[in-house]
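Residue-level structure breakdown
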Amino acid sequence: MHLLKRTMNENNLVAIYLVFGLAALGGSVVTILFAASAIWAILYLSIGKIGWVWRDGVRAFAIAIITYIIVNIIFFALNFGQNFASPLSEIRKLAPQILFICAIPVMMRLFLTSPDALLRSVPRASAVGAILVLPLAAYQVFILAERAEGGSGNAIPFALTCAFLSVASLILLLEDDRRLRILGIVGFLSGYLCVFLSQTKGMMPVPLLGLALVLVGHLRHKLRLSQIFMIVLAVCVFVAIGIYASGSYHRLKEVTALAGGAGDVALSRSTSIRLDLWEKGLAAFARDPISGHGLQNRRALIQEFGYGFSHLHNGYLTALIDNGVVGLLGLVLLLFAPLYIAWKAPNDAMREPRLLLALALVLTYAFGGLSNFIFGHDIYDALFLWVGLIIAVSATPKVSDDVKGSA
């Protein structure tokens, strides 16, 4: 039994390195590995090889997940039978909820691994993943003349993934080993450059904000003012070069003009469509602020607006359309649960890395939701759950009877 536990622990760590090392390069590898981990976890739980844990961070994250699922199911039922000829076709729209359900048994399996090992693995693998995908992103932009999308199949989820990898890499700056700090810096710059190459303007502020949080919240006592000034100057130069070299400049001009209050700015088609979607979406929400429209009816509603999208290019507005005000509350509860768990966790040696990881996750998804999905896409869901589970498990102290037969 001890050998089995050790093997599962090793497999957990391998899975984490694969997930974050290949997150941007392999696209849906995060979903595939999550599903495989869930299947094995359910099997081991069913035969009693691992036990259930229901306290502290694990319980808090499980409650947030269950609440989110229940809200979706309730409003799905309230709005059932409106736009589908077949009940089975409509019920299939609940399929993405399965991934969230599977997160709970995966936590039980991750609980076999040392919290320190879990937390230390993520920023290292994130930095490696950001470095590995950069050549592919550069090839897509400079050779194929396309927006970089890595292995994600779409520039927007690629940008969100790289933004997270970039900020998560900064956690390595807390390490004593100089080589790891260098890896963190290179990972941060590589991930950020990939965001520029994706030309996804909504994600471009995220690594900058992440760096600011690290400098102000965790490194201000370790650096002289002159060092901080030089870091800020170097990053500003890097950002300027990245924006122009990647061709993102033209995508930021209209944002700058709009922010400055220019009334005669010529909007791109992408921005015009988003603004029109948001205006019509808010009007639709105002008609049904309590009952919502049901997640299964969202596409039909957007078709009434004159578009063929599956979502409203704003995660918060999408939640309001699906499930009304309660839906937004359920979304926010799940989105900020990792940060709450990290903040309330025991003040152990891994508190700072855990809190930074939670900030990286919540910051990335909170900003990503302003112009695209938050949940409802397999890559988005699986990446969020992987990180959230690691935070929750690492914030749950172990006791001897949590794992059966571990002696």
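Observations regarding the overall build of the protein chain
Per the secondary structure count, the protein chain includes 16 helices and zero strands. C-alpha extents for the protein chain along the principal axes are approximately 70 × 60 × 40 Å. A total of 407 residues make up the protein chain; the buried ones form 52% of that total. Look at the contacts in the protein chain between residues 6 or more apart in sequence, and 77% of them connect residues 24 or more apart. In the protein chain, which carries 31 positive and 22 negative side-chain charges, the distance between the mean positions of the two groups comes to 5 Å.

Side note on the packing of helix H3 (residues 56-78) against helix H5 (residues 97-110)
Running from amino to carboxyl end, H3 crosses H5 at an angle of 165 degrees, the nearest separation of the two axes being 10 Å. By the criterion of interaxial angle, the relationship of H3 to H5 is roughly antiparallel. The interaxial crossing formed by H3 with H5 has left-handed handedness. The residues of H5 that touch H3, namely those facing Val 58, Phe 61, Ala 62, Ile 65, Ile 66, Tyr 68, Ile 69 and Asn 72, are Gln 97, Phe 100, Ile 101, Ala 103, Ile 104, Met 107 and Met 108.

Quick look at the nonpolar core
Counting 110 residues, the largest nonpolar core has Phe 20, Phe 61, Met 107, Phe 164 and Leu 357 as the members making the most contacts within it. With residues near it in sequence (within four places) discarded, Leu 357 still touches Leu 119, Val 122, Phe 164, Ala 168, Ile 171, Val 387, Ile 390 and Ile 391. Counting 12 residues, the second-largest nonpolar core is a separate cluster that includes Leu 277, Ala 284, Ile 302 and Phe 305.

Observations regarding the pattern of salt bridges
With the rule as written, the count across this model stands at seven salt bridges. Notably, a salt bridge pairs Glu 175 with Arg 120, separated by 3.1 Å at the nearest N-O pair. Of the two residues, Glu 175 sits in the loop between helix H7 (155-169) and helix H8 (178-198) while Arg 120 sits in helix H6 (residues 115-142), which places them 55 residues apart along the sequence. Glu 175 gets classed as buried once you look at its relative accessible area, which sits at 16%.

Comments concerning the environment of Ile 156
Of note, Ile 156 is situated in helix H7. Judged by its relative accessible area of 16%, Ile 156 is buried.

Topic: the packing of aromatic side chains
Summed over all chains, the structure comprises 18 aromatic pairs. Here Phe 34 and Trp 386 contribute two aromatic rings whose centre-to-centre distance is 5.4 Å and whose plane-to-plane angle is 90 degrees, an arrangement assigned as edge-to-face. On the criterion of sequence distance, the pair formed by Phe 34 in helix H2 (residues 29-46) and Trp 386 in helix H16 (residues 378-394) is long-range, its members being 352 residues apart. Take Phe 34 and Trp 386: they sit in the same class, and that class is buried. Seen from their ring centres, Tyr 192 and Phe 196 are 4.5 Å apart, and the 20 degrees between their planes marks the pair as stacked. Of this pair, Tyr 192 and Phe 196 are both found in helix H8, four residues apart, which corresponds to roughly one turn of the helix. Since its relative accessible area comes to 1%, Tyr 192 is described here as buried. Exposure remark for Phe 196: the relative accessible area of 1% places this residue in the buried category. Grouping aromatic residues by their ring pairs yields a cluster made of Phe 61, Tyr 68, Phe 100, Tyr 365, Phe 373, Phe 375, Tyr 380 and Phe 384. Over the face of the ring belonging to Trp 343 we find Arg 351, whose NZ or CZ atom lies 5.3 Å from the ring centre.

What to know about unusual backbone geometry
Here Ala 145, not a glycine, exhibits a phi torsion of approximately 60 degrees, which is positive. Relative to the helices and strands, Ala 145 is located in the loop between H6 and H7. Phi is positive for His 313, which is not a glycine, with a value near 55 degrees. With respect to the helices and strands, the residue His 313 is situated in the loop between helix H13 (298-304) and helix H14 (315-344). We classify His 313 as buried; its relative accessible area is 11%.

What to know about the environment of Asp 56
For Asp 56, the position within the fold is in helix H3. Expressed as a C-alpha distance, the spacing of Asp 56 and Pro 397, which sit 341 residues apart in the sequence, is 7.9 Å. What Asp 56 contacts, discounting residues up to four positions off in sequence, is Ala 395, Thr 396 and Pro 397.

Comments concerning H8
Here H8 spans 30 Å end to end across 21 residues, near enough to the 30 Å set by a 1.5 Å rise per residue. Where H8 begins, the side chain of Asp 177 points an oxygen toward the backbone nitrogen of Arg 179, at a separation of 2.9 Å. After H8 finishes, the residue Gln 199 shows a positive phi value of roughly 60 degrees.

Notes on the environment of Ala 349
Tracing the chain through its elements places Ala 349 in the loop between H14 and helix H15 (351-368). Its relative accessible area of 73% is what places Ala 349 among the exposed residues. Spatially, the C-alpha atoms of Ala 349 and Leu 172 are 14 Å apart, while their sequence positions differ by 177 residues.

Reading guide: rules and limits
Residues numbered from 1 in each chain as written. Predicted model: local features only at pLDDT ≥ 70, side-chain atom pairs only at ≥ 80, totals over all residues. Heavy atoms only, no water. Helix = DSSP H or I, 4+ residues; strand = E, 2+ residues; numbered from the N terminus. Buried < 20%, exposed > 50% of the residue type's maximum accessible area, 1.4 Å probe, protein only. Contact = heavy atoms within 4.5 Å. Lys, Arg positive; Asp, Glu negative; His and termini not counted. Charge placed at Lys NZ, Arg CZ, Asp CG, Glu CD. Axes fitted to C-alpha atoms, helices over the stretch in contact; angles between N-to-C directions. Parallel < 35°, antiparallel > 145°, perpendicular 65-115°, else oblique. Left-handed = near helix turned anticlockwise from the far one by under 90°. Core = buried A, V, L, I, M, F, W, Y, C linked by side-chain atoms within 4.5 Å. Salt bridge = Lys/Arg side-chain N within 4 Å of Asp/Glu carboxyl O. Phe/Tyr/Trp six-rings, centres within 6.5 Å; stacked < 30°, edge-to-face > 60°. Lys NZ or Arg CZ within 6 Å of the ring centre and 35° of its normal. Expected span 1.5 Å × (residues − 1). Polar contact = N/O pair within 3.5 Å; in protein donor to acceptor, adjacent residues only side chain to side chain.

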